[in-house]
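# Topology and contacts: notes
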Amino acid sequence: MTGKKLPRVNLPPDVRLDTLAVREGLPPSQWGENSEALFLTSSFVHPDAATAAARFANEEEAFVYSRFSNPTVTMMERRLAALEGTEACIGTSSGMAAILLLLMGLLKAGDHVVCSQSVFGSTIRLLQGEFGKFGVQSTFVSQTDVAQWRGAMRPNTKLLFAETPSNPLTEVCDIAALAQVAHGAGALLAVDNCFCSPALQQPVKWGADVIIHSGTKYLDGQGRVIAGAVCASEQLVNEKLVPVMRSAGMSLSPFNAWVVLKGLETLSIRMRAQSEHALAMARWLESQAMVERVYHPSLPSHPQHELAMAQQSGQGGAVVSFIVKGSRAGAFKIIDATRICSITANLGDTKTTITHPASTSHGRLSEEQRLAAGITQGLIRLAVGLDDVDDLKADLARGLVALAP
Ligand SMILES: Cc1ncc(COP(=O)(O)O)c(C=O)c1O
């Protein structure tokens, strides 16, 4: 609960993103703590039975039970909403729980969704499999071809869902163009902003209605917790999402909310540094003989380079993918030769992570589906952290040299 009637932090009205990132939330408690308090409590005590009844009936705004209201969670929600530029936000137990909450809140049997075919695999399975079971239809279209999105619209289309840049090939979609398609048909546009975070990209500025986050990634930024959030209007959050949260309970734990809240304080500085490190790595990889192709939105060779630079504050983000010669054996050789990069499928950490998408994050797809998504066996994804760039180059050079004929 963003808690519209709860007290606000005493900030001037025109403070900028970096100030909001360290200060927005709730005022301190009666003890005047400077770092935000962690309210690890399941429930809240009421002064008398009549007040408890008024609070349960939503006649008086107060914290009641941490499945749907907790001050630490509210602080995280207010701060993230301020960064995304939305009126409200609701924290969830994971990024997938955020998507589940949104779909449950907005859709009913007979409704239709148009979704990019390049979104996170579990998002596709959730829509096609689980929501398909309950009579929600979905059409999957090219991330970058607006005509396909327009052509897939039906009278019962309620939601368009995109993720930009996409994982792992960093395909960028035109948020403003998709918002026009959605609004022209009375539908909403949701954007998964996991890869850029609000430090680089605020999708509402380009017309998106709903922002999805996996807080597990850059918002925490240090690989510690699983968390998620949906940012949108007060009306959408309070009328469509809060009732589902109250009944279904995909709640964000106060502890994880606190970790994400503190992560948001360094988000902007981390995103810019990691994005610059990623570009340095991308340029270096492009010069390597054993590398066939490099994907990073800041490279002029990226197919949506100009759009990405306009939409993402001139930054490419921290993910670089590249195809090496020698297919799977070549990719494995490079991954196995690293001593610094963490071999893991997670991303958004200060520690650089290295992944072979075809056998991990996209391992459950058929080879045909993988090829349609551009995931070849020689593809490696690097989610660049704050490690020294020269150390990272040396870490990859070891395998690249061993691969050379
Ligand atoms: C773009 C994107 N969205 C959503 C998710 C799901 O987030 P979580 O793992 O927090 O459920 C992920 C996870 O990797 C992701 O990469």
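Residues numbered from 1 in each chain as written. Predicted model: local features only at pLDDT ≥ 70, side-chain atom pairs only at ≥ 80, totals over all residues. Heavy atoms only, no water.

## Notes on unusual backbone geometry
As a reminder, the rule being used: Every helix listed is a DSSP run of H or I at least four residues long, and every strand listed is a run of E at least two residues long, numbered separately from the N terminus.
Pro165 follows Thr164 through a cis peptide bond whose omega is -5°. The linkage connecting Asn167 with the following residue, Pro168, adopts the cis geometry, with an omega of 0°. Take Pro168: it is sitting in the loop between strand S4 (157-163) and helix H7 (175-184). A positive phi is found at Ser313, a non-glycine position, where the angle reads about 55°. With respect to the helices, strands and loops of the structure, Ser313 is situated in the loop between helix H12 (305-311) and strand S9 (319-324).

## Details of the pattern of salt bridges
Opposite charge on two side chains allows them to pair when their charged atoms are near. Test applied: Within this document, salt bridges are pairs made up of a side-chain nitrogen of Lys or Arg and a carboxyl oxygen of Asp or Glu, the two lying within 4 Å of each other. Remark: exposure states derive from per-residue accessible area (1.4 Å probe, protein chains only) relative to the maximum for the residue type, with buried under 20%, exposed over 50%, and partly exposed in between.
Summed over the entire model, instances satisfying the criterion amount to 13 salt bridges. Taking the shortest distance from any N to any O, the salt bridge between Glu60 and Arg55 comes out at 3.0 Å. Assessed through its relative accessible area of 17%, Arg55 is described here as buried. Of the charged contacts in the structure, one is a salt bridge between Asp111 and Lys108, with a shortest N-O distance of 3.3 Å. A relative accessible area of 52% places Lys108 in the exposed class. Within the structure, one salt-bridge network assembled from shared partners comprises Glu36, Arg79, Lys262 and Glu265.

## Examining the environment of Ile90
Among the secondary structure elements, Ile90 is positioned in strand S1 (residues 88-92). Judged by relative accessible area, which is 3%, Ile90 ranks as buried. The sequence separation of Ile90 and Cys196 amounts to 106 residues, and the corresponding C-alpha distance is 19 Å.

## Some points on empty space enclosed by the protein
Picture a little ball the size of a water molecule; that probe, rolled over the atoms, points out where space is still empty. Note the threshold: Only protein atoms enter the 1 Å grid, on which a cavity is a set of points fitting a 1.4 Å probe that cannot get out and a pocket is an open set with protein on both sides within 12 Å along at least 5 of 7 lines, lining residues being those with an atom within 4 Å of a point. Grid points are joined across faces, edges and corners, and a volume is the space filled by probe spheres set on the points. By the convention adopted, Pro, Cys, Tyr, Trp, Phe, Met, Ile, Leu, Val and Ala count as nonpolar, Lys, Arg, Asp and Glu as charged, and the other residues, Gly among them, as polar.
In this structure the tally under the stated criterion is 2 cavities of 30 Å³ or more. Reported here for the second largest cavity is a volume of approximately 40 Å³. Elements supplying a minimum of two residues to the lining of the second largest cavity: helix H3 (71-84) and strand S7 (228-232). Here the residues of the lining of the second largest cavity are counted per class, giving 7 nonpolar, 3 polar and no charged.

## Some points on the pairing of strand S3 (residues 137-141)
Put simply, the rule reads: Strand pairing is assigned whenever DSSP identifies at least 2 bridges connecting the two strands.
By the bridge criterion, 5 bridges tie strand S2 (residues 112-116) to S3 in an arrangement that is parallel. Considered in S3, the bridge of Ser116 is made with Val141.

## Considerations on helix H15 (residues 389-403)
Here is the rule: Take the residue count of a helix, subtract one, and multiply by 1.5 Å to get its expected span. The seven residues ending at a residue and the seven starting there each receive a fitted axis; the angle between those axes is the bend at that residue. We call two residues in contact when some of their heavy atoms are within 4.5 Å. Polar contacts, as counted here, are pairs of nitrogen or oxygen atoms within 3.5 Å of one another; within protein the pair requires one atom able to donate a hydrogen and one able to accept it, and residues that are adjacent in sequence qualify only if both atoms are side-chain atoms.
The terminal C-alpha atoms of H15, which comprises 15 residues, lie 21 Å apart, in line with the 21 Å expected from a rise of 1.5 Å per residue. The sharpest bend along H15 comes to roughly 30°, located at Ala397. Taken as a whole, H15 has its buried residues at Val389, Leu392, Asp395, Leu396, Gly399, Leu400 and Leu403. Check the buried side of H15 and you find it contacts helix H11 (267-286), strand S8 (291-295), S9, helix H13 (327-337), strand S11 (353-355) and strand S12 (379-383). The distance from a side-chain oxygen at the start of H15 to the backbone nitrogen of Asp390 is 2.8 Å, and the residue carrying that oxygen is Asp388.

## Observations regarding the layout of surface pockets
Considered as a void within the structure, the largest pocket measures approximately 540 Å³ in volume. Lining of the largest pocket is provided by 25 residues; of these, Leu26, Pro27, Pro28, Ser29 and Glu33 occupy positions nearest its centre. At the level of elements, helix H1 (17-23) and H3 are the ones that each hand at least two residues to the lining of the largest pocket. Sort the elements by how many residues they give to the lining of the largest pocket and H3 lands first, with 3 residues. Its residues placed into classes, the lining of the largest pocket shows 13 nonpolar, 5 polar and 7 charged.

## Some words on the sheet that holds S9
Note on sheets: strands pair through backbone hydrogen bonds, and any given pair is parallel or antiparallel. What counts is decided by this rule: Axes here refer to lines fitted to C-alpha atoms; in helices the fit is confined to the stretch in contact. Angles between the N-to-C directions go from 0 to 180 degrees.
Strand order in the open sheet formed by 5 strands is S8-S9-S12-S11-S10, and the pairing between neighbours is mixed. Two strands close off the open sheet at either side, each with one partner strand: S8 and strand S10 (342-343). Inspection of the sheet shows S9 paired to S12 by 5 bridges, in the antiparallel sense. In the strand pairing of S12, Phe322 is matched with Ile380. Contacts between H13 and the sheet are confined to S9, S10, S11 and S12, with S9 contributing the most and set at about 130° to the helix.

## Digging into the site of the ligand
Heads up, the condition is: Only heavy atoms are used to decide nearness, and a residue is near a molecule or strand if one of them lies within 4 Å of it.
Contacts to the ligand come from Ser94, Gly95, Met96, Phe120, Glu163, Asp192, Cys194, Ser214, Thr216, Lys217 and Ala227. In terms of residue class, the shell around the ligand is made up of 4 nonpolar, 4 polar and 3 charged.

## Focus on the packing of H13 against H15
What counts here: In what follows, roughly perpendicular refers to angles from 65 to 115 degrees, roughly parallel to angles under 35, roughly antiparallel to angles over 145, and oblique to any angle outside these ranges. Throughout, a crossing is termed right-handed when the near helix is turned clockwise from the far one, and left-handed when it is turned anticlockwise from it by less than a right angle.
Between H13 and H15, whose axes approach to 7 Å, the crossing angle comes to 140°. Classified by the angle between their axes, H13 and H15 sit oblique to one another. Judged by the twist between their axes, the crossing of H13 over H15 is right-handed. On the side of H13, the interface is formed by Gly330, Lys333, Ile334 and Ala337, while H15 contributes Asp395, Leu396, Arg398, Gly399, Leu400, Ala402 and Leu403. Of the residues belonging to the contact of H13 with H15, the class tally is 6 nonpolar, 2 polar and 3 charged.

## Let's talk about the nonpolar core
We apply this condition: To qualify as a nonpolar core, a set must consist of buried Ala, Val, Leu, Ile, Met, Phe, Trp, Tyr and Cys residues joined through side-chain atoms within 4.5 Å.
In this structure, Met76, Leu80, Leu160, Leu189, Leu264 and Leu267 are the most contacted members of the largest nonpolar core, which totals 56 residues. With near-sequence residues (within four places) excluded, Met76 lies in contact with Gly91, Ala229, Leu252, Ala257, Val260, Leu261 and Leu264. Core analysis: the next-biggest nonpolar cluster, separate from the first, contains 34 residues, Ala88, Ile124, Val136 and Leu241 among them.

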